[in-house]
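Residue-level listing of the chains:
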Amino acid sequence: MSEVIKNRYDFAFFFDVKDGNPNGDPDQVNLPRVDTEDQHGLVTDVCIKRKIRNYVTLKGELKSPFDIFIRQRDIAADDSYLNALIGKAEGDTTSAKKGNLCNNYWDIRTFGAVLSTGESESVEAGDETDDGVATKKPSKKKVKGGGTVRGPVQLTFARSEDRVYQAEHSITRCCVTTEKERDSQLANDREFASTFGRKATVPYAMYRMHGFVSTIDARKTGFSEDDLKLLWESLINAFEHDRAAARGEMNPRKLVIFKHTSHLGNELSGRLFDRVTVTKKSDLPRSKDDYQIDVNKEQLPTGIEVKVWPEEAVY
């Protein structure tokens, strides 16, 4: 792998949705997630991370160093639960186990993870603990976890530029799923079975998300230049392999990356994000052409470089 990143990054990512549900809210019968106070649409950071992980999973072969830790697994497999993976990781100490897990899994190096749980074993009197101190009394369990890893890449919730309308649609299905439903249809003397359902969508919305890449935390996890390129690639392609019927059309529209020459940063991230402005060109936006996204590159602070996709290649 390449060397660990030496620069701090801040980035703004824009994507839109048309006639789809970008992030259903389980607390609201899976309606598109919104800010309940002002009705702006929301997409959680966890939702975006899931799509990023899925792309890396599809791109790679789930082998070190680009394996994915948080992903769906065969529930019948011996390593189908995370505690088993943590417990089986190599390393006699918490630090060693954490290091090996970071080396093997791209998403741990990138986003971090809670590794403080794991398989347990009995500890007898006289055994050494992870800090090298011999136990005086036997204990029932010794947790073989890897501590907590704070990843160098952190994302905010994505928020729509305008208020969204949570549209609900009634749909029909030309079959039934249970014997009870079938009997009910027969009792009503129906020739062909059919049932009703509901589907929720957003007619159109443009979302904006901010992200941060810390070189300080990258040193702790080993997040490298190759890992960074894969992050940009997976972010741009995150929606290409998530074409579920409920999603509608979701597309990346712009990625603005601010690179700092200093590992601590050359400017406040908030001031850099203020340089990215969005102008609405229609009272009722229904496409990307109804928004204009501008990036002010004039008189950039010393030590700041900016790249804008799709105008420029970023990986």
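Since the model is a prediction, treat every value here as computed from it, not as a measurement.

With 38 residues, the main nonpolar core has Phe 11, Phe 15, Tyr 207, Val 213, Trp 232 and Leu 255 as its most contacted residues. Of all the elements in the fold, those that place two or more residues in this core are β1 (9-20), α1 (45-59), α4 (106-111), β9 (153-155), β12 (195-213), α7 (225-236) and β13 (249-260). The element best represented in this core is α7, accounting for six residues. When neighbours within four sequence positions are excluded, Phe 11 is seen to be in contact with Leu 155, Met 209, His 210, Gly 211, Phe 212, Val 213, Trp 232, Leu 235, Leu 255, Val 256, Ile 257 and Phe 273.

Its place among the elements puts Gly 91 in the loop between α2 (82-88) and α3 (94-104). A C-alpha to C-alpha distance of 10.0 Å links Gly 91 and Gly 145, two positions 54 residues apart in sequence.

With that settled, the discussion passes to the layout of surface pockets. Computed from the structure, the largest pocket encloses a volume of approximately 240 Å³. Taken together, Tyr 9, Glu 225, Leu 228, Lys 229, Trp 232, Ile 257, Lys 259, Glu 305, Val 306, Lys 307 and Val 314 form the lining of the largest pocket. Per-element tally for the lining of the largest pocket: the top contributor is α7, with four residues. By residue class, the composition of the lining of the largest pocket is six nonpolar, no polar and five charged.

Below, the discussion takes up α1. End to end, α1 covers 21 Å across 15 residues, agreeing with the expected 21 Å (1.5 Å per residue, within 8%). Those residues of α1 lying buried are Asp 45, Cys 47, Ile 48, Lys 49, Lys 51, Ile 52, Arg 53, Tyr 55 and Val 56. Buried positions along α1 lie against β1, β4 (40-43), α4, β9, β12 and α7.

A word on the packing of α1 against α7. The contact between α1 and α7 brings their axes to 9 Å, and the two run at 110 degrees. Taken together, α1 and α7 sit at an angle that is classed as roughly perpendicular. On the side of α1, the interface is formed by Ile 48, Ile 52, Tyr 55, Val 56 and Lys 59, while α7 contributes Leu 230, Leu 231, Glu 233, Ser 234 and Leu 235. A breakdown of the residues in the contact of α1 with α7 according to their chemical character gives seven nonpolar, one polar and two charged.

What counts, and at which threshold
Residues numbered from 1 in each chain as written. Predicted model: local features only at pLDDT ≥ 70, side-chain atom pairs only at ≥ 80, totals over all residues. Heavy atoms only, no water. Core = buried A, V, L, I, M, F, W, Y, C linked by side-chain atoms within 4.5 Å. Buried < 20%, exposed > 50% of the residue type's maximum accessible area, 1.4 Å probe, protein only. Helix = DSSP H or I, 4+ residues; strand = E, 2+ residues; numbered from the N terminus. Contact = heavy atoms within 4.5 Å. 1 Å grid on protein atoms, 1.4 Å probe; cavity = no way out; pocket = protein on both sides within 12 Å on 5 of 7 lines; lining within 4 Å. Points joined across faces, edges and corners; volume = space filled by probe spheres on them. Nonpolar A, V, L, I, M, F, W, Y, C, P; charged D, E, K, R; others polar. Expected span 1.5 Å × (residues − 1). Axes fitted to C-alpha atoms, helices over the stretch in contact; angles between N-to-C directions. Parallel < 35°, antiparallel > 145°, perpendicular 65-115°, else oblique.

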